[in-house]
Amino acid sequence: MPFLTLHPDGAGAEQFIEHCRQPAIEQYLSLPNYAYQLAHIDGELAGVVAMRDNTHLFHMFVPRALHRRGMARRLWQAARDASLARGGVTAFTVNSSAYALPLYESLGFVATGPKVETGGIAFVPMRMELTA
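Residues numbered from 1 in each chain as written. Predicted model: local features only at pLDDT ≥ 70, side-chain atom pairs only at ≥ 80, totals over all residues. Heavy atoms only, no water.

- As recorded by an unreviewed UniProt entry, the chain carries the name GNAT family N-acetyltransferase and is attributed to Janthinobacterium svalbardensis.

Structure follows, in structure tokens:
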């Protein structure tokens, strides 16, 4: 939570936190407009990525021990490639935490507005236009 919420203990972000818990994820998995992919290393979960509506990077989580080791980039590439294969994509969007901003910029996302603080979380809306 310290990477996503305004307060390290998650205070004020209870609704957001509930949307990241197992029952919510199970609900998302049952919906046709969400696509999740998992990464494993030696049988252990090493990250998760999810796209909503084939164009919005909805979730990307990597254990802290694997930060800055290329796992997020590989997860994004897998999600991007799967979305492109499904077709109809002209751009991707993401709401980036301040912590992840350098990663998303390195992937080609550009901020489309100022930082937003709402519901106990802060994020920067970002977009990646695809070129023909």
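**Comments concerning the overall build of the chain**
No. 1: In terms of helices and strands, the chain carries four helices and seven strands.
No. 2: What you see in the chain, going N to C, is helices and strands ordered as α-α-β-β-β-α-β-α-β-β-β.
No. 3: Relative to the 2.2 N^0.38 estimate, which gives 14 Å for 132 residues, the radius of gyration of the chain is 15 Å and therefore close to what a compact globule would have.
No. 4: Based on the C-alpha atoms only, the size of the chain along its principal axes is roughly 45 × 40 × 30 Å.
No. 5: For the chain, the residues scored as buried account for 36% of the 132 residues in total.
No. 6: Summarising the internal contacts of the chain: among those between residues at least 6 apart in sequence, 48% fall at separations of at least 24.
No. 7: If you sum the accessible surface of the chain, you get close to 7,900 Å²; carbon and sulfur atoms cover 55% of it.
No. 8: Within the chain, the 11 negative side-chain charges are centred at a point lying 7 Å from the centre of the 11 positive side-chain charges. (Helix = DSSP H or I, 4+ residues; strand = E, 2+ residues; numbered from the N terminus. Rg over C-alpha atoms; globule rule 2.2 N^0.38 Å. Buried < 20%, exposed > 50% of the residue type's maximum accessible area, 1.4 Å probe, protein only. Contact = heavy atoms within 4.5 Å. Areas by Shrake-Rupley, 256 points an atom, 1.4 Å probe, with all protein chains shown as cover. Lys, Arg positive; Asp, Glu negative; His and termini not counted. Charge placed at Lys NZ, Arg CZ, Asp CG, Glu CD.)

**So, the pattern of salt bridges**
No. 1: One pass over the structure, following the stated rule, counts five salt bridges.
No. 2: Between Arg-21 and Glu-18 there is a salt bridge; the shortest N-O distance is 3.0 Å.
No. 3: Note on Arg-21: relative accessible area 43%, which makes it partly exposed.
No. 4: Linking Arg-52 and Asp-53 is a salt bridge whose minimum nitrogen-to-oxygen distance equals 3.8 Å. (Salt bridge = Lys/Arg side-chain N within 4 Å of Asp/Glu carboxyl O.)

**Remarks on the environment of Phe-58**
No. 1: Assignment of secondary structure puts Phe-58 in strand E3 (residues 56-61).
No. 2: Considered as a pair, Phe-58 and Arg-86 are 28 residues apart in the sequence and their alpha carbons are 17 Å apart.
No. 3: With residues near it in sequence (within four places) discarded, Phe-58 still touches Tyr-28, Tyr-34, Tyr-36, Ala-50, Met-51 and Arg-52.

**As for the nonpolar core**
No. 1: Membership of the largest hydrophobic core comes to 23 residues, with the highest contact counts inside it found for Leu-57, Met-60, Leu-75, Trp-76, Phe-92, Tyr-104 and Phe-109.
No. 2: Of all elements in the fold, only strand E2 (44-52), E3, helix H3 (71-86), strand E4 (91-96), helix H4 (101-107) and strand E7 (121-129) reach the threshold of two or more residues within this core.
No. 3: Counting residues per element, this core draws most heavily on H3, which supplies five residues.
No. 4: The residues contacting Phe-92, other than those within four sequence positions of it, are Met-51, Asn-54, Thr-55, Trp-76, Arg-80, Ser-83, Leu-84, Phe-109, Met-126, Arg-127, Met-128 and Leu-130. (Core = buried A, V, L, I, M, F, W, Y, C linked by side-chain atoms within 4.5 Å.)

**Brief notes about helix H2 (residues 22-29)**
No. 1: Those residues of H2 not exposed but buried are Ala-24, Ile-25 and Tyr-28. Down the axis of H2, the sector holding all buried residues measures 100°, keeping them to one side. Opposite the buried face of H2, at more than 90 degrees from it, the exposed residues are Gln-22, Pro-23 and Leu-29.
No. 2: Buried residues along H2 sit against helix H1 (14-18), strand E1 (34-41) and E3. (Arc of directions from axis to C-beta.)

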